[in-house]
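Commentary on secondary and tertiary structure
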Amino acid sequence: MSDHKVLHVKGRVLVGPEDVRDELWAVDGRITYERPPAATELTTLEGWAMPGLVDAHCHVGLDRHGAVDAETSEKQALTDRDAGTLLIRDAGSAADTRWIDDRDDLPKIIRAGRHIARTRRYIRNYAHEIEPGDLVAYVAAEARRSDGWVKLVGDWIDREAGDLTPCWPRGEVEAAIAEAHRLGARVTAHCFAEDSLRDLVEAGIDCIEHATGLTEDTIPLFAERGVAIVPTLVNIATFPHLADGGEAKFPRWSAHMRDLHARRYDTVRAAYDAGIPIFVGTDAGGSLAHGLVADEVAELVTAGIPPRDALAATAWGAREWLGRPGLTEGAPADLVVYASDPRADVRVLGAPRHVVVNGRVMSG
């Protein structure tokens, strides 16, 4: 083994929130806890190591206008990587980013295909815009071309109503989710408001993005069904600005958005207290910048989630939820090293000392 490149990480290795070890090695890009024989090329890093962070709601290949070119997509992925995000659930993109899978220096991506929305009921150039009768067919197509997820737009502003309203009839949603599950895919949906949630959850959905419309009526239903949420609080912070921009034409919608924003922390804390699974997502790639994962973890703590659980929502728990390994024997050596214990202060996530992808030191 003397010809192999070996990375040695020592200090404190957070295999889990309570499983702390003194060191690990990466041999040919894979993790081992067995000391390898002497190597000709040995790199040693010191500090507090965690699994590469997870951004479970991120859009590589997308900006506010729609799909972007490969060069821009690469810059987005590099920004996330350098912030410590090494696993992305891409919650909808109009661009083909499969080429990223061939790069061993970029984050690993789990794609949800392209958004599926009602006609003229979402951001222009983002989604397949269809009517309910086509929902099952489009969900099936995205299930087949994705990495095991499908993304619906569950609600959006209805210009005639002047407010957020559900996008899909109950029957079509039930049939579409059943078809996705038959094909082995999970389904998530963008939902800001209250009214679409019960139908989606009772139809069998697996996750809700944003979930600002959770109430004391629907929180128990989410908890009972085990439906996860990805609150994207760094995105919800933009609601007052959006409300100001829509005030003149859509005053009801603007007031609704301000109310959802005002109770955002209470909503997330109530969901946590009820036992709803919560994961970190930034919603980067639309109008938000990439690389905000540390900010989102800090927002969850501000909402009242204990620091170790907020860390799990971007590390150990998130990886388990997405079916990807952490710092386990034989797993890809995707990890981030910090100067101090992130369990003591999650703000340390904003200053990675070293970022390692497939056993290679990328920054620091």
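One can find the structure itself at the top, above this paragraph.
A brief report on the enclosed structure follows. (Residues numbered from 1 in each chain as written. Predicted model: local features only at pLDDT ≥ 70, side-chain atom pairs only at ≥ 80, totals over all residues. Heavy atoms only, no water.)

**Describing the sheet that holds strand E3 (residues 30-32)**
Backbone-to-backbone hydrogen bonds pair the strands of a sheet. The strands run either parallel or antiparallel. Spatially, E3-E2-E1-E4-E18-E19-E20 is the arrangement adopted by the seven strands of the open sheet, whose pairing is mixed. The strands lining the two open edges of the sheet, one partner per strand, are E3 and strand E20 (360-363). Averaged over all pairs of adjacent strands, the angle between strand axes in this sheet comes to 40°, irrespective of strand direction. Relative to strand E2 (residues 20-27), strand E1 (residues 5-14) runs antiparallel, the two being bridged by seven bridges. The residue of E2 that forms the bridge with Leu-7 is Ala-26. (Pairing = 2+ DSSP bridges. Helix = DSSP H or I, 4+ residues; strand = E, 2+ residues; numbered from the N terminus. Axes fitted to C-alpha atoms, helices over the stretch in contact; angles between N-to-C directions.)

**Observations regarding the side chain of Arg-118**
Relative to the helices and strands, Arg-118 is located in strand E10 (residues 116-118). Polar contacts involving the side chain of Arg-118 include one to the main-chain carbonyl oxygen of Cys-167, which spans 2.6 Å. (Polar contact = N/O pair within 3.5 Å; in protein donor to acceptor, adjacent residues only side chain to side chain.)

**Overview of the pattern of salt bridges**
Taken as a whole, this structure holds 30 salt bridges when the rule is applied. Among the salt bridges present, the one from Arg-170 reaches Asp-199, with a minimum N-O distance of 2.9 Å. Here Arg-170 is found in helix H3 (residues 170-182), whereas its partner Asp-199 is found in helix H4 (residues 197-202), with 29 residues between them in sequence. Exposure remark for Asp-199: the relative accessible area of 30% places this residue in the partly exposed category. Of the charged contacts, one joins Arg-182 and Glu-179 as a salt bridge, the two residues approaching to 2.8 Å between their closest N and O atoms. With a gap of three residues between them, Arg-182 and Glu-179 both fall in helix H3, about one helical turn apart. For Arg-182, a relative accessible area of 57% gives the class exposed. Looking at Glu-179, the relative accessible area reads 17%, which means it is buried. Each of Arg-170, Glu-174, Arg-198, Asp-199 and Glu-202 takes part in salt bridges that share partners, so that together they form one network. (Salt bridge = Lys/Arg side-chain N within 4 Å of Asp/Glu carboxyl O. Buried < 20%, exposed > 50% of the residue type's maximum accessible area, 1.4 Å probe, protein only.)

**Observations concerning the packing of helix H2 (residues 135-145) against H3**
Viewed as axis vectors pointing N to C, H2 and H3 meet at an angle of 25°, and their least axial separation amounts to 9 Å. Comparing the axis directions of H2 and H3 gives the class roughly parallel. Here H2 runs over H3; the crossing is right-handed. Of the residues in H3, those touching H2 at Leu-135, Val-136, Val-139, Ala-140 and Arg-144 are Glu-172, Val-173, Ala-175, Ala-176, Glu-179, Ala-180 and Arg-182. The class makeup of the residues in the contact of H2 with H3 is eight nonpolar, no polar and four charged. (Parallel < 35°, antiparallel > 145°, perpendicular 65-115°, else oblique. Left-handed = near helix turned anticlockwise from the far one by under 90°. Contact = heavy atoms within 4.5 Å. Nonpolar A, V, L, I, M, F, W, Y, C, P; charged D, E, K, R; others polar.)

**So, the nonpolar core**
The biggest cluster of nonpolar side chains holds 78 residues, and the ones touching the most others in it are Met-50, Leu-135, Leu-152, Ile-205, Ile-208, Phe-222 and Leu-300. With near-sequence residues (within four places) excluded, Leu-152 lies in contact with Ile-116, Leu-135, Val-139, Trp-168, Val-187, Thr-188, Ala-189 and His-190. If you look at the next biggest cluster of nonpolar residues, it comprises 15 residues, including Val-15, Tyr-33, Ala-333 and Leu-335. (Core = buried A, V, L, I, M, F, W, Y, C linked by side-chain atoms within 4.5 Å.)

**Quick word on the sheet that holds strand E8 (residues 85-90)**
Sheet architecture is open: three strands sit in the order E5-E8-E9, paired in parallel fashion. Edge positions in the sheet fall to strand E5 (53-58) and strand E9 (108-111), since each has one partner strand and no second. If you compare each strand with its neighbour and ignore which way they point, the axes differ by 20° on average. Here E8 runs beside E9; their pairing, made up of four bridges, is parallel. Counted as the bridge partner of Ile-88 is Ile-109 from E9.

**Examining unusual backbone geometry**
Positioned with a positive phi, Thr-232 is a non-glycine residue whose angle comes to about 50°. Checked against the element boundaries, Thr-232 lands in the loop between strand E17 (228-230) and helix H6 (233-236). Looking at Thr-232, the relative accessible area reads 0%, which means it is buried. Unlike most non-glycine residues, Asp-283 shows phi in positive territory, near 65°. Along the polypeptide, Asp-283 turns up in the loop between helix H9 (264-273) and helix H10 (293-302). Taking relative accessible area as the criterion, Asp-283 reaches 14% and is therefore assigned buried.

**Quick word on the packing of aromatic side chains**
Under the definition given, this model contains six aromatic pairs. Aromatic side chains Tyr-122 and Tyr-126 sit 6.0 Å apart centroid to centroid with 75° between the ring planes, which places their arrangement in the edge-to-face category. When its relative accessible area of 4% is taken as the criterion, Tyr-126 is described as buried. Ring centres of Phe-279 and Trp-321 lie 4.2 Å apart, and the angle between their planes is 10°; on these two criteria the pair is classed as stacked. Pair noted here: Phe-279 is in the loop between H9 and H10 and Trp-321 is in helix H12 (residues 316-322), with a separation of 42 residues, a long-range link. Through a chain of ring-to-ring contacts, the aromatic side chains of Tyr-122, Tyr-126, Trp-156, Phe-192 and Phe-239 assemble into a single cluster. (Phe/Tyr/Trp six-rings, centres within 6.5 Å; stacked < 30°, edge-to-face > 60°.)

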